[in-house]
2 protein chains.
Amino acid sequence: MNKVILLAKRPVGKPVLEDFELITEDIPQAGEGEILLKTLYVSVDPYLRGRMNDSKSYVPPFEINKPIQSGLIAEVVASNNSEFTPGDFVSGVLEWKEFQISKGKGLIKVDEKAAPLSAYLGILGMTGLTAYLGLTEIGSPKNGETLVVSGAAGAVGSVVGQIGKILGCRVIGIAGSDEKVETLKSKFKFDEAINYKTTSDIKQAIKKFCPDGVDIYFDNVGAEISDAVLANINRYARIPICGAISIYNETQPLLGPQIQPVLLVKSALMRGFIVSDFSDKFPEAIQKLSTWLKEGKLTYSETIVEGFDNIPRAFLDLFEGKNEGKMIVKI
Amino acid sequence: MNKVILLAKRPVGKPVLEDFELITEDIPQAGEGEILLKTLYVSVDPYLRGRMNDSKSYVPPFEINKPIQSGLIAEVVASNNSEFTPGDFVSGVLEWKEFQISKGKGLIKVDEKAAPLSAYLGILGMTGLTAYLGLTEIGSPKNGETLVVSGAAGAVGSVVGQIGKILGCRVIGIAGSDEKVETLKSKFKFDEAINYKTTSDIKQAIKKFCPDGVDIYFDNVGAEISDAVLANINRYARIPICGAISIYNETQPLLGPQIQPVLLVKSALMRGFIVSDFSDKFPEAIQKLSTWLKEGKLTYSETIVEGFDNIPRAFLDLFEGKNEGKMIVKI
């Protein structure tokens, strides 16, 4: 039998296990032009929370009682499509199913000899592309500038900081535990890192660690942490808005200080994005990331959870900050 | 004797007449390389409020017991500088004095035959440059897009809307009286205009008048009006932040809904600016504005107050919305 995970109901506030349903069905058969895929790795990501709401966004919402989709690595186990051969590994946005049928559209073949398969969900996949393109296309980092990254120990944040270092920036990370702070400094070579949970005055801490002010703020979290960073930005600062994990689960709009006056007096730029906004730059970005990875200039963390049934649990753990780096479920 | 207006004390909240002091002094004499200027027109602008605070901004704060500065048109009445001849008219950022000495630095000669002198403080001066460059450099208007302008009946707003029309946009203005709404539609040819003081649901009104959503929001005011417009923006919207007149006088940071999630899901760009950010584009902008003015494609409003002593009063009236278009004091 084939296991499938559906969205059972739309979460209200923080998602719970009951919002998901595990069902079984027959393993499907590949028809004309189709391939049968066996799931190997599943990416769980904070942005999926947004698709669970019935609201307009950059992608349509998930439907109730339909399988959830996210980035997957799968193996081709049967093929009626001349472009794929059994034994091929592919990445793509696919359904939370152990086995599924595809026509091959949107799938990218990945090479298990060039990098571990799970890396294609992370540093060489959406995570790495998001970090590289958000930072370079919106943040426009210049040698000697100061970059602050929130959600710094997360999958995207840890890559953003490393790329900032490669490009010559002073890099300060903000994360939610002493272990993460230590990892940012020792493993990812951030210049400084702040544990926002134990720092009473984040604004002051940023000021201390950024004596020349903040030129780029790569924002993964929103809310109070961002207000504290914004209080320290320089003239012509650039602020890519990549995520807002701190408020994905809010049911009411969160109030905060109006930021337009800050952007005004600093001639600062703030821009939201999703990685596909820069899809024309994907080949360039993959090229850069692969090179840096081979050269040992980039490293990454993964938190690997095992077992298909544990996909929802792994997703919920993102909001508890239980992951270090990319959260991946190995089937 | 020579009249001079000083900043007597820093305003707390909304400025009052007592924040200013009128003094008299001897009329100065032009020394070596200097010119003596007689003030003809004084520009009073909302942004001056920011310089009255003792806080970091794009320009240093005014000093207590020193003359206030703003855009002026003056006549050269005596010259020991070979670049200026008595009878020349100049524009520049100068002090609130009937007569003053200058070395000529930063002054631009203006031609009274090409346009009325006061126009060089408005449509052909900082006002026009701000409107043109903020809209084109940040707003990137495209034919067929929808542009919303707040503070639309103000000096900058009324020009922004007209340029939007010239460039093929559908243009909706937001202003604070029925008279202003009428002027926007009849004189400045806005497609629609909203009186925010008599409209109970601005968000809904924007939705009605912008059936295809908002592609560009030129923001002069901030706060609730902006929140209502942001609720209607399209994917890839651009939002030049030009001013925040509604909050210049606030003594505490104003709270509002966090806007980062809106920018995120819409891949929208928000950028603060001051006209000097684009000083390399001034010649191009003046060229365009002059041409459109000559062709009758641009028109403008002025509210002219008479008398040097009335400069502070005219400035205060800006915050009561008593001006239509550019507020100018004629000496």
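Residues numbered from 1 in each chain as written. Chains lettered and ligands numbered in written order. Predicted model: local features only at pLDDT ≥ 70, side-chain atom pairs only at ≥ 80, totals over all residues.

The next subject is the interface of chain B and chain A. Contacts between chain B and chain A engage 32 residues on the former and 32 residues on the latter. Those elements giving two or more residues to the side of chain B that touches chain A turn out to be helix H6 (223–230), strand S12 (233–241), strand S13 (255–257), helix H7 (260–266) and strand S14 (269–272) of chain B. Sort the elements by how many residues they give to the side of chain B that touches chain A and H7(B) lands first, with 6 residues. Taken together, the residues of the side of chain B that touches chain A sort by class into 19 nonpolar, 8 polar and 5 charged. (Contact = placed C-beta atoms within 7 Å. Helix = DSSP H or I, 4+ residues; strand = E, 2+ residues; numbered from the N terminus. Nonpolar A, V, L, I, M, F, W, Y, C, P; charged D, E, K, R; others polar.)

Another point: the packing of helix H2 (residues 126–139) of chain A against helix H3 (residues 155–166) of chain A. All names here are of chain A. Between H2 and H3, whose axes approach to 8 Å, the crossing angle comes to 50°. Classified by the angle between their axes, H2 and H3 sit oblique to one another. You can see that H2 and H3 cross each other, and the crossing is right-handed. Two secondary-structure elements touch here, H2 through Thr127, Gly128, Thr130, Ala131, Tyr132 and Leu135 and H3 through Ala155, Val156, Val159, Val160, Ile163 and Gly164. (Axes fitted to C-alpha atoms, helices over the stretch in contact; angles between N-to-C directions. Parallel < 35°, antiparallel > 145°, perpendicular 65-115°, else oblique. Left-handed = near helix turned anticlockwise from the far one by under 90°.)

This part covers the environment of Gln100(B). Residues and elements named next belong to chain B. Structurally, Gln100 is set in strand S6 (residues 99–102). The buried category is assigned to Gln100, around which 20 C-beta atoms lie within 10 Å. Sequence separation between Gln100 and Val76 is 24 residues, and the spatial gap between their C-alpha atoms is 9.9 Å. In contact with Gln100, not counting residues within four places along its chain, are Pro28, Leu37, Leu94 and Glu95. (Buried ≥ 20, exposed ≤ 12 C-beta atoms within 10 Å, placed from the backbone.)

Moving on, we get to the relation of the copies chain B and chain A. The transform that puts chain B on chain A rotates by 180° and translates by 0.0 Å along the axis, for an RMSD of 0.0 Å. Both chain copies can therefore be described as sitting about a two-fold axis. Of the interface residues in chain B, 100% have counterparts in chain A that sit at the interface too, so the contact is made through matching surfaces. (Least-squares fit on C-alpha atoms with pLDDT ≥ 70 in both.)

Okay, the confidence of the model for chain A next. When pLDDT is averaged along chain A, the result is 93; 97% of the residues meet or exceed 70. Interface confidence for the predicted complex, given as ipTM, is 0.84, next to a pTM of 0.86. (pLDDT = per-residue confidence, 0-100.)

A word on the sheet that holds strand S11 (residues 214–218) of chain A. Pairing within the open sheet is mixed, and its 12 strands lie in the order S10(A)-S9(A)-S8(A)-S11(A)-S12(A)-S14(A)-S14(B)-S12(B)-S11(B)-S8(B)-S9(B)-S10(B). The open sheet has two edge strands with one neighbour each: strand S10 (192–195) of chain A together with strand S10 (192–195) of chain B. Pairwise comparison of adjacent strand axes, ignoring direction, gives a mean angle of 15° for this sheet. Relative to strand S11 (residues 214–218) of chain B, strand S8 (residues 146–150) of chain B runs parallel, the two sharing 3 bridges. Bridge pairing in S11(B) links Val148(B) to Tyr217(B). Most of the contacts of helix H5 (residues 202–209) of chain B go to S10(B), to which it runs at about 170°, and overall it touches S8, strand S9 (170–175), S10 and S11 of chain B. With respect to the sheet, H6(B) is in contact with S8, S9, S11 and S12 of chain B, its orientation differing from that of S8(B) by roughly 170°. (Pairing = 2+ DSSP bridges.)

Our next topic: unusual backbone geometry. At Ser140(A), a position not held by glycine, the phi torsion is positive, near 40°. Within the secondary structure layout, Ser140(A) lies in the loop between H2 and strand S8 (146–150). Assessed through the 15 C-beta atoms surrounding it within 10 Å, Ser140(A) is described here as partly exposed. Non-glycine residue Lys189(B) carries a positive phi angle of around 65°.

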